[in-house]
Every structure is written in structure tokens, then in C-alpha cells.
Number of protein chains: 2
Amino acid sequence: MTDLSHGAAWFGGRIIPVAEAAIPVTDWGVTHADIGYDVVPVWRGGFFRLDDYVDRFLASVAALRLEIGMDAAGVKSALTQMVAASGLRDAYVAMVAARGRNPVPGSRDPRDCVNHFYAWCVPYVHIVKPDAADAGTSVWIAKSVRRIPADSVDPTVKNYHWGDFTGGLFEAKDRGYETTMLLDHQGNVTEGPGFNVFAVFGDRIVTSGHGVLHGITRATVLEMAAEAGFAVETRPLPLDEFWQADEVFLSSSGGGVIPVARVDDRTFSNGAAGPVATRLRRTYFDWLVRPEWRTEIAGLEAAT
Amino acid sequence: MTDLSHGAAWFGGRIIPVAEAAIPVTDWGVTHADIGYDVVPVWRGGFFRLDDYVDRFLASVAALRLEIGMDAAGVKSALTQMVAASGLRDAYVAMVAARGRNPVPGSRDPRDCVNHFYAWCVPYVHIVKPDAADAGTSVWIAKSVRRIPADSVDPTVKNYHWGDFTGGLFEAKDRGYETTMLLDHQGNVTEGPGFNVFAVFGDRIVTSGHGVLHGITRATVLEMAAEAGFAVETRPLPLDEFWQADEVFLSSSGGGVIPVARVDDRTFSNGAAGPVATRLRRTYFDWLVRPEWRTEIAGLEAAT
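Residues numbered from 1 in each chain as written. Chains lettered and ligands numbered in written order. Predicted model: local features only at pLDDT ≥ 70, side-chain atom pairs only at ≥ 80, totals over all residues. Heavy atoms only, no water.

(A) Examining the relation of the copies chain B and chain A more closely. Of the transformation placing chain B onto chain A, the axial shift is 0.0 Å and the rotation is 180°, giving an RMSD of 0.0 Å. Taken together, the rotation angle and the small translation identify this as a two-fold axis. Same-surface contact between copies: 100% of interface residues of chain B are shared with the interface of chain A. (Least-squares fit on C-alpha atoms with pLDDT ≥ 70 in both. Contact = heavy atoms within 4.5 Å.)

(B) Focus on unusual backbone geometry. Located in the positive-phi region is Arg-44 of chain A, a residue other than glycine, with phi close to 55°. Among the secondary structure elements, Arg-44 of chain A is positioned in the loop between strand S4 (35-43) and strand S5 (46-48). Look at Asp-264 of chain B: it is not a glycine, yet its phi comes out positive at around 50°. By relative accessible area, Asp-264 of chain B is classed as buried at 10%. (Helix = DSSP H or I, 4+ residues; strand = E, 2+ residues; numbered from the N terminus. Buried < 20%, exposed > 50% of the residue type's maximum accessible area, 1.4 Å probe, protein only.)

(C) The pairing of strand S2 (residues 14-17) of chain B, seen in detail. Residue and element names in this part refer to chain B. Bridge count between strand S1 (residues 8-11) and S2: four bridges; the pairing is antiparallel. Bridge pairing in S2 links Ala-8 to Pro-17. The hairpin formed by S1 and S2 contains two residues between the paired strands, and Gly-12 there has a positive phi angle of roughly 55°. (Pairing = 2+ DSSP bridges.)

(D) Broad picture of the nonpolar core. Membership of the largest hydrophobic core comes to 48 residues, with the highest contact counts inside it found for Tyr-118 and Trp-120 of chain A together with Tyr-118 and Trp-120 of chain B. Elements with a minimum of two residues in this core: S4, strand S6 (91-98) and strand S7 (116-123) of chain A together with strand S4 (35-43), strand S6 (91-98) and strand S7 (116-123) of chain B. The residues contacting Trp-120 of chain A, other than those within four sequence positions of it, are Ala-8, Ala-9, Val-18, Met-82, Tyr-92, Val-93, Ala-94, Val-96 and Tyr-160 of chain A together with Val-25, Thr-26 and Thr-31 of chain B. (Core = buried A, V, L, I, M, F, W, Y, C linked by side-chain atoms within 4.5 Å.)

(E) A look at the sheet that holds strand S2 (residues 14-17) of chain A. All names here are of chain A. The strand order across the open sheet formed by seven strands is S2-S1-S7-S6-S4-S5-S17, and the pairing between neighbours is antiparallel. Two strands bound the open sheet, and with one partner strand each, they are S2 and strand S17 (294-296). Within this sheet the neighbouring strands show an average axis-to-axis angle of 25°, counted without direction. Examined bridge by bridge, S4 and S5 share two bridges and lie antiparallel to one another. The residue of S5 that forms the bridge with Val-42 is Phe-47. Taken strand by strand, helix H2 (residues 50-63) contacts S4, S5, S6, S7 and S17, and its axis lies near 175° from that of S4. (Axes fitted to C-alpha atoms, helices over the stretch in contact; angles between N-to-C directions.)

(F) Focus on the domain arrangement of chain A. Residue and element names in this part refer to chain A. Taken domain by domain, chain A comprises domain 1 (8-124) and domain 2 (130-287). In this structure, domain 1 and domain 2 have C-alpha centres spaced 26 Å apart. Applying the counting rule to domain 1 against domain 2 returns one salt bridge. The salt bridge involving Arg-49 is made with Glu-223; its shortest N-O contact spans 3.3 Å. (Domains from an automatic or database assignment. Salt bridge = Lys/Arg side-chain N within 4 Å of Asp/Glu carboxyl O.)

(G) Expanded view of the sheet that holds strand S5 (residues 46-48) of chain B. Residue and element names in this part refer to chain B. An order of S2-S1-S7-S6-S4-S5-S17 is seen for the seven strands of this open sheet, with the pairing classed as antiparallel. The open sheet has two edge strands with one neighbour each: S2 and strand S17 (294-296). Strand-to-strand twist of the sheet, defined as the mean angle between neighbouring strand axes without regard to direction, takes the value 25°.

(H) Region of the structure containing the packing of aromatic side chains. Following the criterion strictly, the structure yields 34 aromatic pairs over all chains and no others. A ring pair is formed by Phe-198 of chain A and Phe-249 of chain A, whose centres lie 4.8 Å apart and whose planes are at 5°; its orientation type is stacked. Of this pair, Phe-198 of chain A sits in strand S11 (residues 195-201) while Phe-249 of chain A sits in strand S14 (residues 247-252), and the two are 51 residues apart along the sequence. Accessibility classification places Phe-198 of chain A together with Phe-249 of chain A in one group, the buried group. One aromatic cluster is present, built from ring pairs that chain together Trp-43, Phe-48, Tyr-124, Tyr-284, Phe-285, Trp-287 and Trp-293 of chain A. The side chain of Arg-266 of chain A reaches across the aromatic face of Trp-243 of chain A, ending 4.0 Å from its centre. The residue whose ring lies beneath Arg-44 of chain B is Trp-43 of chain B, and the NZ or CZ to ring-centre distance is 4.4 Å. (Phe/Tyr/Trp six-rings, centres within 6.5 Å; stacked < 30°, edge-to-face > 60°. Lys NZ or Arg CZ within 6 Å of the ring centre and 35° of its normal.)

(I) Quick look at the packing of helix H6 (residues 216-227) of chain B against helix H8 (residues 275-287) of chain B. All names here are of chain B. Contact geometry of H6 with H8 gives a least axis separation of 10 Å together with a crossing angle of 110°. Comparing the axis directions of H6 and H8 gives the class roughly perpendicular. When the axes of H6 and H8 are compared, the crossing they make is right-handed. On the side of H6, the interface is formed by Thr-217, Thr-220, Glu-223, Met-224, Ala-225 and Glu-227, while H8 contributes Leu-280, Thr-283, Tyr-284 and Trp-287. Partitioned by chemical class, the residues of the contact of H6 with H8 number five nonpolar, three polar and two charged. (Parallel < 35°, antiparallel > 145°, perpendicular 65-115°, else oblique. Left-handed = near helix turned anticlockwise from the far one by under 90°. Nonpolar A, V, L, I, M, F, W, Y, C, P; charged D, E, K, R; others polar.)

Here is the structure:
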């Protein structure tokens, strides 16, 4: 038996250990970062909001004019087979569409490339360790870079153009911060590597509406917040206004709601996880197992 | 004997067919486009300006804080072995530094990744077919995208963030144009996929000085132009001024100087390759074999 406990990949119907999954160095997915992807969480043996993630993935595929020859049912089937084979009950599951190689010698025409789909999964990733998230994490606002504008690379089409994030991450890590968030060229708060950003003002919760990924976890947060009686506003969030927030938190499919205690040298909610973020964090993990948003994976049922 | 005539790759000292060269799907080089690279041409059995290309590559590697454990001599040795083994006398030779995989489970810290170097070569690529270049090619100015700004992803650090270019290429190809060029957010002419852009005004030649790759071929053009008595200006080039040019041409290590006959629905130099561009194009191929800029590759000497 092949050991898939560190992760598995799906390539053209074959399931292999993730460490063996590779793409050609001449694939435009590598040489042009010409890839659309998405990541769906698996929690306690079931996908969360699988339809929403796959729909967003296929919207990215269409926006990039990639042709993978698979519909939503085909993608879901591949992901389900792969995760079931891995045995991972809590997993980070990536679905990827790449431009592929160009079989026409010297062609620079993206329409000539042979597009392809693949998927891979690894044990569930918390983008901030749970203990650090519970206590309220730290965020550094990148100073050397601004978020790539939406009219250069559309952030609603989930993509691997992370050069701006990586620059911000180096700044953050060098200064001892957990992660980074980026401003746009107009000075508004946007997003960070793998997450959306929220600011709480009394009974209002504000998150950027433009120039950011429309995260599924972000959508879940907005629904949880509305259900809890908060007014939610998706609109530009200027940095000056952001500094006045009562609380700040992040959202990611890698860990749910992540309270923030410190941004640069300023503390929020007395330097700890705020009460609103903490409540939403608990609610998120409750919602992860809500039957109506779950797709159970045969063979990964809880041990009894 | 392994057939390397379609191209070869260098991985950790091993030379393999380029079609077999692949990088892991979880390499940050893929998942974050976290790669610095460069491309040096081989022409008639020798590298052109090898020192300049390798120096620029190592500057990109340093700017991205990648550690590949190889100095200029090591990189040149790897490239030379690889190209010699391929037998390709005219080649497109890529040297690549990738962030690599992160061995710390769940870590989002780029400093934890295991960076690595690899290289690959294929038969020489003309980004515009020589016949089309000789006649003057066609360029479409992208309307749906602007060039990624330098303070988001630095274009002088040669990188694979091509989402903006790819969007422009689709626009161009759909309309029957050979390639695309992008404007910046201030409306200046920048660059296109794999090339710099020049405008000729009488005895002056202007090319963008900011927000573009400082191409080695661009540098060669500026030197050829100065030697030919032209005044050269590297500065912002507003589109309004660009439209007034007598001639337009492109520069790329994939084909040298490429005359442009048409941009959008406007023709330049009477809809043909202009005389200045044509002259520089010829000079470039002469300079490609200038001994002082060549590094001959043992075993690839011309047949006599």
C-alpha cells in the first residue's frame, strides 16, 4: 500500500502521494503563473460548502479561459476519491487548473496550450496556529509593497500571483509578526496571504468589497455576523478608519475566524482576542459541522 | 543515449530531457509564483552576454532573498554543461531559482522553505517569427489590464507574474494581432510579454525607464543606437507621445530587434518595418557573434 497519510494528489484519474506530484517546468502554470485554483476545507470527514468552492473554482477557470474538460460533478468526484484515499479527516484540499504546455514550437499564443486539471490534499492547515489565533494574533502592514490592483490581476479569480504577499511576509516575519496585510494604492485595507480582513465598530462589521478575494469563509463570516445581529458593510476601508476599530479579525478557510490583537505597534481589544471575533470563531467551528453545508466522505466517518 | 535534442534540463547536477523536468505542485515556486529567473540566448554555439544575464539573475535571486548555494561560476558551469549536452547551437536557456517546499507543517514563513536552483534549455525561441518581424509585426494595446505596478511586483526582478500579460495576449490574439503591450496606471507605455518597447522620433529613441524589465537586449539596443548616433532617452513614455513616433520596435532576447508596423488600428512607418528598426535588427545579429560578448561552448563549434 502506498502511504498517502502526508497527502495525496489526483492526476488524470491516478491517485499518488502528494510528494510525487509535479508539473513540468515549461508548463505555463509555472512560467506564467497561469493557474486558477481553489481550496476547500475538509473537517471531521466531510467537505464544507463544497458546492460554493467548486462553483468559485469553475468561475475562475472560465474567467481565465482555461478548458479542463470537467464539470462540477467531475471535480467533486475527483476530490472525493482523492481525500477518501488519503484517509485525512481534516484536510486542506486544492483543486488546480493550469494553462499547460504549448505544443507549438515557439508559440506565444495561450490558446495553443493544453490546459489540465489536478488536485492535491494535505493535512488541514491553520494559517495561524490555533493557540495564537485564540490569544489574538499580530499583523504587520506591508510598507514596501501595495496589493496588486484588480485591473492588473483580478483577485476575485483565485490565483498564485503572491509576489506582493511574499514581500509583505518577509517584512512581517523579520519584525516578529505572525502575518501581513496589504493596502491598495489608494490607502485602503485589502487582504493578506490567504485571508480577508474585518474591522468591528460597535454593532457594525466592515470588510473590503473591492480588490480582494470574495472568500467563502468571508461569506460565512458575513452570514454569521448578520445572524448575530451585526450590520455588515462591504466597501473600501480606509486605513485611518481601520485604526479606529474596536476589534480586528481575519477570515480564512485555513482556520476560520482569527482574532487580531496587534497591528503594527497598535493594540486592539486591549491586546487580546476581542469578544466579537472570539464569538464568531466559535460559531465558525460549529457551522463547519452543520449538515446543510457538509458533504460527507464515505470511509471517513467518525470512529465510534 | 538519451535524446536531448528537444531540450535539456539541469537538476542538482543531473542532466535530463526537458520534458521530464518537473517541480512539485506544493513548491512555493508554483503555489506563490515565488521564483526569480532569467533567460540567456545561445547563438551559433555560444552564449551572448552571459556575464550580464547571470549577474542580473543573481541580483533577482538576492532581491527575492532566495538562497541557491551557487555563485556566478557555478551557474555558468551548470548552464554550459547542460547546453553542451543538448547539442543545441541556437537555444533559449532558462536559469531558475524557486522558493521550494516548506518542510515545516502548516508554516507560512517563506524563510522556512528549501530554495533550489534548476535550469532548462530548448531550441531558440523567436517571440515573433523572423518573417513577421522582418515585415513589421502588429501590437495590440491591452484594454482590460494595466501593467502590475512596480511597488506591487518589481519588474526589474525577472519573475513569472504574467497574469496581466496573459490577459493582454488573449485580447491581442482574438483580434488577430501578434502580441500585446501594456500601459501603466498613469497611461504610459511599459512593456509586453517578453519584450521592451521603443519609439523613434527623428534622431531620438525613447524607451520606458521605470516599471519595466531592464532588458539585456534593451541595453544592447541602447548601445547600438548610441553608436549609430541616436540620442537615447529612458524615461516615462506617455501614450499620446508614443502615437507621434516615426517608428516603433520591440527588443527581446528571443529575436533581438523586432520592427512594428501596426499598433491597434494605426500604422507606423507606412505599415512596414521602419528603416531605423531594420538597421538595428541587422546590427543585433552582427553583435550576437561579436567575440567580446560571446562565451563559446565546447563541442558546439560550427561544423567546418
